[in-house]
Amino acid sequence: MAAEQPIIVPDPVLGGVLAHHPSDRLKPLLTAAAVGAPIAVVLMLTSAQTDAWWGMPVTVGGVALVGLVLGWYVLHWWNREVILYQHGFSFREGSRVVYFAYHEVKWIGLQAQRLVYFGGLLRRDVYRVEVVTYAGDRVVLTNLYRRISDLAARLTEQVEQRLRPEIERRLAAGERITFTDDLSLSREEIVFQEERLPWTAFGGYRIGSGNMTLLKRDGTVFQEVPLALLYNVTILIELMRRYRPEREAHE
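Residues numbered from 1 in each chain as written. Predicted model: local features only at pLDDT ≥ 70, side-chain atom pairs only at ≥ 80, totals over all residues. Heavy atoms only, no water.

A. Structural context of the packing of helix α3 (residues 148-172) against helix α4 (residues 233-243). Here α3 crosses α4 at 45 degrees, and the two axes come no closer than 11 Å. In terms of orientation, α3 lies oblique with respect to α4. Crossing geometry of α3 relative to α4 is assigned as right-handed. Contacts between α3 and α4 involve Glu160, Leu163, Arg164, Ile167, Glu168 and Leu171 on the former and, on the latter, Val233, Thr234, Ile235, Glu238, Leu239, Arg242 and Tyr243. Looking at side-chain class alone, the contact of α3 with α4 contains seven nonpolar, one polar and five charged residues. (Axes fitted to C-alpha atoms, helices over the stretch in contact; angles between N-to-C directions. Helix = DSSP H or I, 4+ residues; strand = E, 2+ residues; numbered from the N terminus. Parallel < 35°, antiparallel > 145°, perpendicular 65-115°, else oblique. Left-handed = near helix turned anticlockwise from the far one by under 90°. Contact = heavy atoms within 4.5 Å. Nonpolar A, V, L, I, M, F, W, Y, C, P; charged D, E, K, R; others polar.)

B. Quick peek at the pairing of strand β4 (residues 96-101). The pairing of strand β3 (residues 88-93) with β4 spans six bridges and is classified as antiparallel. Residue pairing across strands places glutamate 93 opposite arginine 96, the latter belonging to β4. (Pairing = 2+ DSSP bridges.)

C. Geometry of the sheet that holds strand β1 (residues 17-22). Taken together, the four strands give an open sheet; going across it, the order is β1-β2-β3-β4, and neighbouring strands pair in antiparallel fashion. Since the sheet does not close on itself, it has two edges, and those belong to β1 and β4, each with one partner. Here the strands of the sheet are splayed against their neighbours by 15 degrees on average, with no regard to which way each runs. Bridge count for β1 against strand β2 (residues 80-85) is five bridges, and the pairing is antiparallel. For proline 22, the partnering residue across the bridge sits in β2 and is glutamate 81. Contacting β1, β2 and β3, α3 crosses the sheet at an angle of about 140 degrees to β1.

D. View of α4. Within α4 the residues assigned to the buried category are Val233, Ile235, Leu236, Ile237, Leu239, Met240 and Tyr243. As for α4, its buried residues are in contact with α3, β9 (183-185), β12 (202-208) and β13 (211-216). (Buried < 20%, exposed > 50% of the residue type's maximum accessible area, 1.4 Å probe, protein only.)

E. Structural context of the pattern of salt bridges. Inspection of the entire model under this criterion finds eleven salt bridges. Between glutamate 168 and arginine 242 there is a salt bridge whose closest N-O contact spans 2.4 Å. With glutamate 168 in helix α3 and arginine 242 in helix α4, the pair connects residues that are 74 residues apart, well separated along the chain. Using a relative accessible area of 33% as the deciding quantity, one classes glutamate 168 as partly exposed. By relative accessible area, which is 43% here, arginine 242 ends up partly exposed. (Salt bridge = Lys/Arg side-chain N within 4 Å of Asp/Glu carboxyl O.)

Structure follows, in structure tokens:
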């Protein structure tokens with residue numbers, strides 16, 4: 001029989017529940033076991049075997065200390081969860097629960113990487129989602145959470161759905177929109193640090209090797225920006241596709 005899903009009532013402010021992503025508790029348990037077991041074996045084969053008076057206190061004290069440290073580590077990651085609601089999300093760390101409305105989020109950054117082990121026999125997708133609010137709060141979500149790929153996709157979708165109208169308003173008012181500390185754009189141009197590239201000279205973009213490469217109209221490189229430093233990437237790509245000269249675009 002499948003495990004019963006927890007019943008989560010709608011939030012009076014954030015609305016109905018869209019998804020529940022608790023921490024994967026098996027991971028910290030396995031890590032604790034992988035670290036604790038070898039240390040316990042070493043103590044049993046060394047200090048526990050000696051006839052000296054300090055043998056048993058060192059063994060018992062060492063096992064207790066390791067158990068205390070590893071127990072703290074497991075509990076530190078145990079009660080963590082993210083709940084997505086219709087109008088916001090909650091972030092729980094232990095007994096502390098913080099609620100955020102989607103419209104409070106200033107930007108969201110997503111890093112996804114596929115790691116390959118043993119010549120391709122084992123593959124693992126690693127995610128890191130960083131959420132920053134206008135108030136300066138920062139939330140980081142990793143593979144610690146179950147179904148992290150779904151969490152990243154749905155959270156990004158909900159946040160950017162609220163960001164788009166604000167970005168359109170700011171663009172219409174002549175403002176520049178930042179997508180990293182060095183990269184921003186307006187209705188007239190792309191700006192990287194102090195270098196400017198008018199949309200009429202923009203030749204598109206390509207993504208590869210962990211970078212987004214911005215091209216000039218003649219096909220030469222304007223700038224390369226690490227994807228890990230970019231935020232609100234989906235909106236950035238939408239705007240570049242909108243403003244680029246169609247005939248000269250390269251991807």
